[in-house]
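Listed below, chain by chain, are the residues.
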Amino acid sequence: MDDERRFQEALRSLRVWDTELPAFDPADVPEEPVALFHSWFAQAVEAKAVEPHTMALATVDADGRPDVRTVMLHDVDARGWHFGSHAGSAKGRQLAARPEAALNFYWPAQGRAVRVRGRVVTGTAEEAYADLHARTAGALASALVGHQSEVLGSPGELAEASAAAWERARREPEADAPSWTLYVVEPAEVEFFQGDEQRRHVRLRYRLGENGTWARELLWP
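The present account deals with the structure reproduced in this document. What you see as residue numbers is a count from 1 along each chain, following the sequence as written. Local features in this predicted model are restricted to residues whose pLDDT is 70 or higher, and side-chain atom pairs enter the listing and the counts only when it is 80 or higher, whereas totals over whole chains, interfaces and linings include all residues. The side-chain figures draw on all heavy atoms in the structure; neither hydrogens nor water molecules are used.

This part is about the pairing of strand E9 (residues 214–219). Only when DSSP finds a minimum of two bridges between them are two strands counted as paired. Helix and strand assignments come from DSSP, with helices taken as H or I runs of at least 4 residues and strands as E runs of at least 2, each series counted from the N terminus. Direction of pairing for strand E8 (residues 202–208) relative to E9: antiparallel, over a ladder of six bridges. Across the sheet, Arg 207 pairs through a bridge with Ala 215, a residue of E9. The hairpin formed by E8 and E9 contains five residues between the paired strands, and Gly 212 there has a positive phi angle of roughly 85 degrees.

Burial classes follow relative accessibility: with a 1.4 Å probe on protein chains only, a residue under 20% of its type's maximum area counts as buried, one over 50% as exposed, and anything between as partly exposed. All of the buried residues in helix H4 (residues 125–133) are Ala 128, Asp 131 and Leu 132. For H4, the angular spread of buried residues about the axis comes to 100 degrees, placing them on one side. It is the directions from the helix axis to the C-beta atoms that the arc portrays.

Looking now at a nonpolar patch on the surface. Like charges within 9 Å and nonpolar side chains (Val, Leu, Ile, Met, Phe, Trp, Tyr) within 5 Å are joined into patches, using only residues over 30% in relative accessible area that form no salt bridge. Here the accessible surface of atoms and residues is derived via Shrake-Rupley with a 1.4 Å probe, and residues count as covered only by protein chains that are part of the display. Any carboxyl oxygen of Asp or Glu within 4 Å of a side-chain nitrogen of Lys or Arg constitutes a salt bridge here. On the surface, Phe 7, Leu 11 and Leu 14 cluster together into a nonpolar patch covering about 340 Å² of accessible area. When you line up the elements, Leu 14 lands in the loop between helix H1 (2–13) and helix H2 (33–46).

Here we take up the pattern of salt bridges. Applying the stated criterion to the full structure yields 16 salt bridges. With its nearest N and O atoms 3.3 Å apart, the salt bridge here joins Arg 69 to Asp 67. A salt bridge links Arg 79 to Glu 127; its shortest N-O distance comes to 3.0 Å. Of the two residues, Arg 79 is situated in the loop between strand E3 (75–76) and strand E4 (81–86) and Glu 127 in helix H4; the sequence distance between them amounts to 48 residues.

Bringing the packing of aromatic side chains into the picture now. Pairing of aromatic side chains requires ring centres within 6.5 Å, counting the rings of Phe and Tyr and the six-membered ring of Trp. Pairs whose planes differ by under 30 degrees are stacked, by over 60 edge-to-face, and all others tilted. Summed over the entire model, instances satisfying the criterion amount to 12 aromatic pairs. Between Phe 37 and Trp 107 the ring centres are 5.9 Å apart and the planes differ by 50 degrees, which places this aromatic pair in the tilted class. Residue Phe 37 is located in helix H2, and its partner Trp 107 is located in strand E5 (residues 100–107); the two are separated by 70 residues in the primary sequence. In terms of burial, Phe 37 and Trp 107 fall into one category: buried. Consider the rings of Tyr 206 and Trp 214, whose centres lie 6.3 Å apart with planes at 80 degrees: the pair is edge-to-face. Judged by its relative accessible area of 21%, Trp 214 is partly exposed. An aromatic cluster of three or more residues is present, and its members are Phe 24, Trp 40, Phe 192, Tyr 206 and Trp 214. The ring of Trp 40 carries the charged tip of Arg 112 above its face, separated from the ring centre by 4.1 Å. By the criterion adopted, a ring carries a charge over it if an Arg CZ or a Lys NZ lies within 6 Å of its centre and within 35 degrees of its normal.

Attention now moves to the nonpolar core. Nonpolar cores were defined as sets of buried Ala, Val, Leu, Ile, Met, Phe, Trp, Tyr and Cys residues, with membership established by side-chain atoms within 4.5 Å. Counting residues in each nonpolar core, the largest one holds 29 residues, and the members touching the most others are Phe 37, Trp 81 and Val 114. Elements that contribute at least two residues to this core include exactly H2, strand E1 (54–60), E4, E5, strand E6 (112–122), strand E7 (180–194) and E8. The leading source of residues in this core is H2, at five residues. Ignoring anything within four residues of it in the chain, the contact list for Val 114 reads Phe 37, Trp 40, Leu 103, Asn 104, Phe 105, Trp 107, Val 190, Glu 191 and Phe 192. With 13 residues, the next largest nonpolar core counts Leu 132, Leu 144, Ala 175 and Ala 177 among its residues. It only takes one pair of heavy atoms within 4.5 Å for two residues to be counted as in contact.

Once that is clear, we can look at unusual backbone geometry. Its identity as a non-glycine residue notwithstanding, Lys 48 has a phi of 60 degrees, on the positive side. Relative to the helices and strands, Lys 48 is located in the loop between H2 and E1. Residue Lys 48 is classed as exposed on the basis of its relative accessible area, which comes to 71%. If you check the backbone angles, Glu 51 has positive phi at about 45 degrees while not being a glycine. Relative to the elements of secondary structure, Glu 51 occurs in the loop between H2 and E1. A residue is classified by how much of its surface remains accessible, and Glu 51, at 45% relative accessible area, is partly exposed.

Written out as structure tokens, the structure is:
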């Protein structure tokens, strides 16, 4: 009970947005969400947000159970939100069976969050290769290890495979990881959340219509 009480005391002692939050006027926004995301992302970087390119990625497994993990954003363009992974990973298998996903970004220093929902498509092999080699040697080494989401026998097994992958990445910087896949979330809905100290949070949602244009609407917090 002492541990539980300490946990509850620690939890209730926490405060959010202990800083001056930026203003957000939903009447003065672009007609489509990518431009606004680019602007908010640049402001998060300027505000020195910790790893603003990390995002929660939610998928659904074969039994309809939700699954979520943290991944890195690789790009955002007119096609959508890009990330990479192995096709044989848990997320890769889930997306192959049901190509839909949701993303969530949270930048607490500004009290901001962005949610994205939509269909997921895969890039070409050439795009996957370019995506893999646009990143660091460590990212390449990690991809070369492979076996993502498989059961690991021991830490030593990982250490051995990782050392071999790092050596290959240094020796062959152009090496390919054939299962590496570029995924793009094509947005159907994008919500921008701006926190407010008085809890009058601003929620602006973009919804893609059948004619390809975006509708904008405010939501109650």
